[in-house]
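# Per-entry structural report
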Amino acid sequence: MPDPVRPSLAVWKFASCDGCQLTLLDCEDELLPIADRVEIATFHEATSRAVDGPYDVSLVEGSISTPDDAVRIREIRARSRLLVTIGACATAGGIQALRNFADVEEFRRVVYARPEYVRTLATSTPISAHVPVDFELRGCPIDKGQLLEILGAVLAHRAPNLPTDSVCIDCKRRGRVCVTVAHGTPCLGPVTHTGCGAICPGFHRGCYGCFGPAEGANPAGLLPKLETLGMAPPAVERLFQTFTAAAPAFRAAGEAARARGGRP
Amino acid sequence: MTDRTIAVDYVARVEGEGALAVRISGRAVEAVELNIFEPPRFFEAFLRGRDFAEAPDITARICGICPVAYQMSACHALERALGMRVDGPIRDLRRLLYCGEWIESHVLHIYLLHAPDFLGYPDALRLARDHPEAVKRGLRLKQVGNRLMELLGGRAIHPINVRIGGFYRVPSREELFAFRPQLEEALALAEATVRWVADFPFPDDEEEYDFVSLRHPDEYPMNEGEVVSSSGVRLPVDRYEEVFEERQVPYSTALHSVRRGGGAYLVGPLARFALNQDRLSPRARVLAREAGVLGPVRNPYRSIVVRAIEVVLAVEEALRLIDGYRPPDRPFAPPPPLPASAAGAAITEAPRGMLYHRYRLGAGGRIDEAKIVAPTSQNQGRIEEDVRHLVERSLDLDDAALGDRCEKAIRNHDPCISCATHFLRLDVSRRPGP
């Protein structure tokens, strides 16, 4: 018998581009069936109706970068049975975590004529630095198939099946020609978390790491190979320090590249 | 006289997070403030020091709804800085990719964000319970837009296939032709969309807009053109900042653009449509006539009809581009030797209107300065004026009803607040705001 009470779903946004929550609306074939099986209780981008909670599942997009948001995420956690972070901002601080390596006061002055109007923290941090997180979906943006997997798992009361190996393994599994071996193209596939479908090598491009470090990978170990392929250390440093710059393994690889002669 | 404050704490069904505050004293509207509280992300600050070739992928992350617009404006601005000119099939593929984004973004707004306002629903999911065939048509049409972006870009959100000079990989003729049936289906769905929205009940409203858009000698504008306005501006894009400027307001993390020495202006579908009527594609023109909107549309509620006509146009353009496609010899034009310093600006037509990028490059192609002006920061001032006029006409409504009307007036312009937050400049005018 179907459960007569539909689980409730809330979608929240912190510092981000909106792309990961858009992924839910991009599930064109599945959106109406999902809406039949879950109660969309709060999702500001999609509905004017909002319910206070508590919620069975909260999907959280974005990073924590303002004093107000550091408070708001705790309130959301307290009202959520399961909290799932979606995307590179929520799981690693996002590209805006580049401020973590810079002087945020200088950033604020560069960008705003009246910096005093703008409240911001010195760092952009993942949700897990503030509250316990039940599941994480990686990616800039997340993959639609992985989002559907996690929603399906929650509905079926089972653990989601989210592989943690590398893009490189996925690319091999798909039988793609290796862009590094065949064309000498620098590629972060060996150290990047899987989930995207190895799209870049399929388009003759090296992986640029937008899903962040794979579990157990040693990204710094890739530095000599990238240099052999013609990348100067400053370029290697920037490659690791972009979409998940603050993820510890990529941060370490960026620092290692800098030590080998990275950007001034 | 009593003072009233109408507060909409959370403007729903827009991209990003904003609120609205309206202050009324007696029968006078004292202030209308679209308060954007998206956290700042400082793109223009951390772009400094990056390599020019990284700008298309980095700036795409400003907006998950219109990443192609950012990639296109970045590529064109940087190619201009480097003295590159991209023509032929690569130019056509860029326009084809942009068609995918226009379809996806406009259909998202028409069906999922805007239509519920006219039909009395809080969202498209509840609309679908009573009108399942309409919502399914919208979802399918949106899907075709997304699939076109996946075909050319690798994925619909933050496509991976765009680079300075062109693409990493270009499709074969067969790959593009195989997509034709989906576009033919989409053309029928897009025409049905125009007919559906044309019959919506529209409130009476006529606004005096200063429309601003690109205009191209032969095409409905996407990637190229001059800046023109209904008030007579006509100038090349690299002189944009001579005529338009951004100002910071204390209540928002987004900047407001105005005409220098003038007022608010409007970019986006209404502006493009008003200024480029003679560039409509054949079916789009027929549908516009049928829907009774040939000529400038100044009722902002009818923007949903104009968006639907632009979807027809984007589908027709996609078919035309596919039919004429011959793969280029190389997927991208390589950049020339890098100059010691360079600067370039470009504007392309994002679904929500003109998106301006300007870069200054130093030695080795390093970005020394970046300036980005998003459509929504240009439209904010004009959106506030729409709301002010609405409030002045509607003072007898109670607060809840008035707040609801205000939110609808904002949604007419499909503001993308995620975009609007990150556009900032170094030398904002210190003159008091209007």
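All figures in this text were calculated on a predicted structure; none of them were measured in a lab.

Looking only at helices and strands, chain A has twelve helices and five strands in total. On the principal axes, the C-alpha backbone points of chain A span a range of 60 × 55 × 25 Å. With 264 residues in all, chain A has 58% of them scored as buried. Taking contacts inside chain A between residues at least 6 apart in sequence as the whole, the part at least 24 apart equals 71%. Of the side-chain charges in chain A, 28 are positive and 29 negative, and the distance between the mean point of each set is 5 Å.

Looking only at helices and strands, one finds 15 helices and 13 strands in chain B. Relative to the globule expectation of 22 Å for 434 residues, the C-alpha radius of gyration of chain B, 21 Å, shows essentially globular dimensions. Reported as C-alpha extents along the three principal axes, the dimensions of chain B are approximately 70 × 50 × 35 Å. Per-residue burial for chain B yields a buried fraction of 68% across its 434 residues. Put simply, of all contacts in chain B between residues at least 6 apart along the chain, 72% involve residues at least 24 apart. For chain B, the exposed surface amounts to about 13,900 Å²; the carbon and sulfur share of it is 49%.

Before going further, it helps to examine the pattern of salt bridges. Residue and element names in this part refer to chain B. Under the counting rule described, the total for this entry stands at 57 salt bridges over all chains. Close ionic contact of Arg180 with Glu184 constitutes a salt bridge, the shortest N to O distance being 2.2 Å. Of this pair, Arg180 and Glu184 both sit in helix H8 (residues 180-198), four residues apart, which is roughly one turn of the helix. Overall, the relative accessible area of 43% leaves Glu184 in the partly exposed class. Glu290 serves as the salt-bridge partner of Arg195, at 3.1 Å between the closest nitrogen and oxygen. Of this pair, Arg195 sits in helix H8 while Glu290 is found in helix H11 (residues 282-290), placing the two residues 95 residues apart along the sequence. Given a relative accessible area of 40%, Arg195 falls into the partly exposed group. If you follow the salt bridges from partner to partner, you end up with Arg85, Asp87, Arg91, Arg95, Glu219, Glu224, Glu317 and Arg320 in one network.

In this structure the tally under the stated criterion is 14 aromatic pairs over all chains. Between Tyr209 of chain B and Phe211 of chain B, the aromatic rings sit 5.6 Å apart at their centres with planes inclined by 40°, giving tilted as the arrangement. A single burial state applies to Tyr209 of chain B and to Phe211 of chain B, both of which are buried. Through a chain of ring-to-ring contacts, three or more aromatic side chains come together here, namely Tyr111, Phe118, Trp196, Phe200 and Phe202 of chain B. When the ring centre of Phe243 of chain A is taken as reference, the NZ or CZ atom of Arg61 of chain B above it lies at 3.9 Å. For Arg163 of chain B, the ring lying beneath its charged end belongs to Phe332 of chain B, and the centroid distance is 3.5 Å.

On to the interface of chain A and chain B. Listed per partner, the contact involves 61 residues of chain A and 70 residues of chain B. Together, the buried faces of chain A and chain B total about 5,700 Å²; carbon and sulfur atoms form 60% of this surface. On the chain A side of the interface with chain B, the three residues burying the most area are Glu28, Tyr112 and Phe203 of chain A, jointly 12% of the side's total. For the interface between chain A and chain B, the tally reads five salt bridges. For Lys142 of chain B, the salt bridge is made with Glu28 of chain A, and the minimal N-O distance between the two is 3.0 Å. Where chain A meets chain B, there are 24 residue pairs in polar contact (both at pLDDT 80 or more).

Residues and elements named next belong to chain B. Burial of strand E10 (residues 255-259) is extensive: four of the five residues sit out of reach of the surface. Relative to E10, strand E9 (residues 244-248) is paired through five bridges, and the arrangement is antiparallel. Paired with Arg247 across the strands is His256, a residue of E10.

Looking along the chain, the bond that leaves Gly53 of chain A and enters Pro54 of chain A is cis, with omega of 10°. Structurally, Pro54 of chain A can be placed in the loop between strand E2 (39-43) and strand E3 (55-61). The amide bond that connects Cys140 of chain A to the next residue, Pro141 of chain A, takes the cis arrangement and shows omega of 5°. Mapped onto the secondary structure, Pro141 of chain A falls in the loop between strand E5 (135-137) and helix H6 (144-155). A positive phi angle is found at His157 of chain A, which is not glycine, with a value near 55°. Within the element layout of this structure, His157 of chain A appears in the loop between H6 and helix H7 (167-173). One non-glycine residue, His158 of chain B, lies in the positive phi region at around 55°. Mapped onto the fold, His158 of chain B is located in the loop between helix H6 (132-153) and strand E4 (162-163).

Let us look at the pairing of E9 of chain B. Among the five residues that make up E9 of chain B, five are buried, leaving the element largely enclosed by the rest of the structure. Residue alternation in E9 of chain B divides its side chains into two sets, Phe244, Glu246 and Gln248 of chain B and Glu245 and Arg247 of chain B, and both sets are buried.

Looking now at the domain arrangement of chain A. Residues and elements named next belong to chain A. Taken domain by domain, chain A consists of domain 1 (8-155) and domain 2 (167-259). Look at where the C-alpha atoms of domain 1 and domain 2 centre, and you get two points 25 Å apart. For the pair domain 1 and domain 2, the two sides together bury roughly 1,200 Å², of which 61% comes from carbon and sulfur. It is Phe101, Arg138 and Cys140 that lose the most area in domain 1 upon contact with domain 2, and together they represent 45% of the buried surface on that side. Put simply, domain 1 and domain 2 have zero salt bridges between them.

Here we come to H8 of chain B. Count 3.6 residues to each turn of an α-helix, and residues three or four apart come out pointing the same way. Residues and elements named next belong to chain B. An ideal rise of 1.5 Å per residue puts 27 Å on 19 residues; H8 measures up with 27 Å between its terminal C-alpha atoms. Residues of H8 that are buried: Gln182, Leu183, Ala186, Leu187, Leu189, Ala190, Glu191, Thr193, Val194, Trp196, Val197 and Ala198. Turning to H8, the residues buried within the fold contact helix H4 (88-119), helix H5 (124-130), H6, H11 and helix H12 (303-323).

We now examine the sheet that holds strand E4 (residues 80-86) of chain A. Residues and elements named next belong to chain A. The strand order E2-E1-E3-E4-E5 describes an open sheet built from five strands, whose pairing is parallel. A strand with exactly one partner marks an edge of an open sheet, and here the two such strands are E2 and E5. Looking at each pair of strands side by side, their axes are set apart by 20° on average, direction ignored. Inspection of the sheet shows E3 paired to E4 by six bridges, in the parallel sense.

Another point: the environment of Asn218 of chain A. All names here are of chain A. Secondary-structure assignment places Asn218 in the loop between helix H9 (199-202) and helix H10 (223-228). Given a relative accessible area of 52%, Asn218 falls into the exposed group. For Asn218 and Thr192, which are 26 residues apart along the polypeptide, the C-alpha to C-alpha distance reads 9.8 Å.

Residues and elements named next belong to chain B. Read from one edge of the open sheet, three strands run E1-E2-E3, paired in antiparallel fashion. Unpaired on one side and paired on the other, strand E1 (3-8) and strand E3 (28-36) mark the two borders of the sheet. Between one strand axis and the next, the sheet turns by 10° as a mean value, whatever way the strands run. As judged from the six bridges shared by E1 and strand E2 (residues 18-25), these two strands associate in the antiparallel manner. Across the sheet, residue Arg4 finds its bridge partner in E2, namely Ile24. Against the sheet, helix H13 (residues 375-393) touches E2 and E3, its axis set at about 140° to E3. The strands touched by helix H14 (residues 399-411) are E1, E2 and E3; relative to E1, the strand with the most contacts, the crossing angle is about 50°.

Reading the values: rules and limits
Residues numbered from 1 in each chain as written. Chains lettered and ligands numbered in written order. Predicted model: local features only at pLDDT ≥ 70, side-chain atom pairs only at ≥ 80, totals over all residues. Heavy atoms only, no water. Helix = DSSP H or I, 4+ residues; strand = E, 2+ residues; numbered from the N terminus. Buried < 20%, exposed > 50% of the residue type's maximum accessible area, 1.4 Å probe, protein only. Contact = heavy atoms within 4.5 Å. Lys, Arg positive; Asp, Glu negative; His and termini not counted. Charge placed at Lys NZ, Arg CZ, Asp CG, Glu CD. Rg over C-alpha atoms; globule rule 2.2 N^0.38 Å. Areas by Shrake-Rupley, 256 points an atom, 1.4 Å probe, with all protein chains shown as cover. Salt bridge = Lys/Arg side-chain N within 4 Å of Asp/Glu carboxyl O. Phe/Tyr/Trp six-rings, centres within 6.5 Å; stacked < 30°, edge-to-face > 60°. Lys NZ or Arg CZ within 6 Å of the ring centre and 35° of its normal. Buried area = accessible area lost by both parts, 1.4 Å probe. Polar contact = N/O pair within 3.5 Å; in protein donor to acceptor, adjacent residues only side chain to side chain. Pairing = 2+ DSSP bridges. Domains from an automatic or database assignment. Expected span 1.5 Å × (residues − 1). Axes fitted to C-alpha atoms, helices over the stretch in contact; angles between N-to-C directions.

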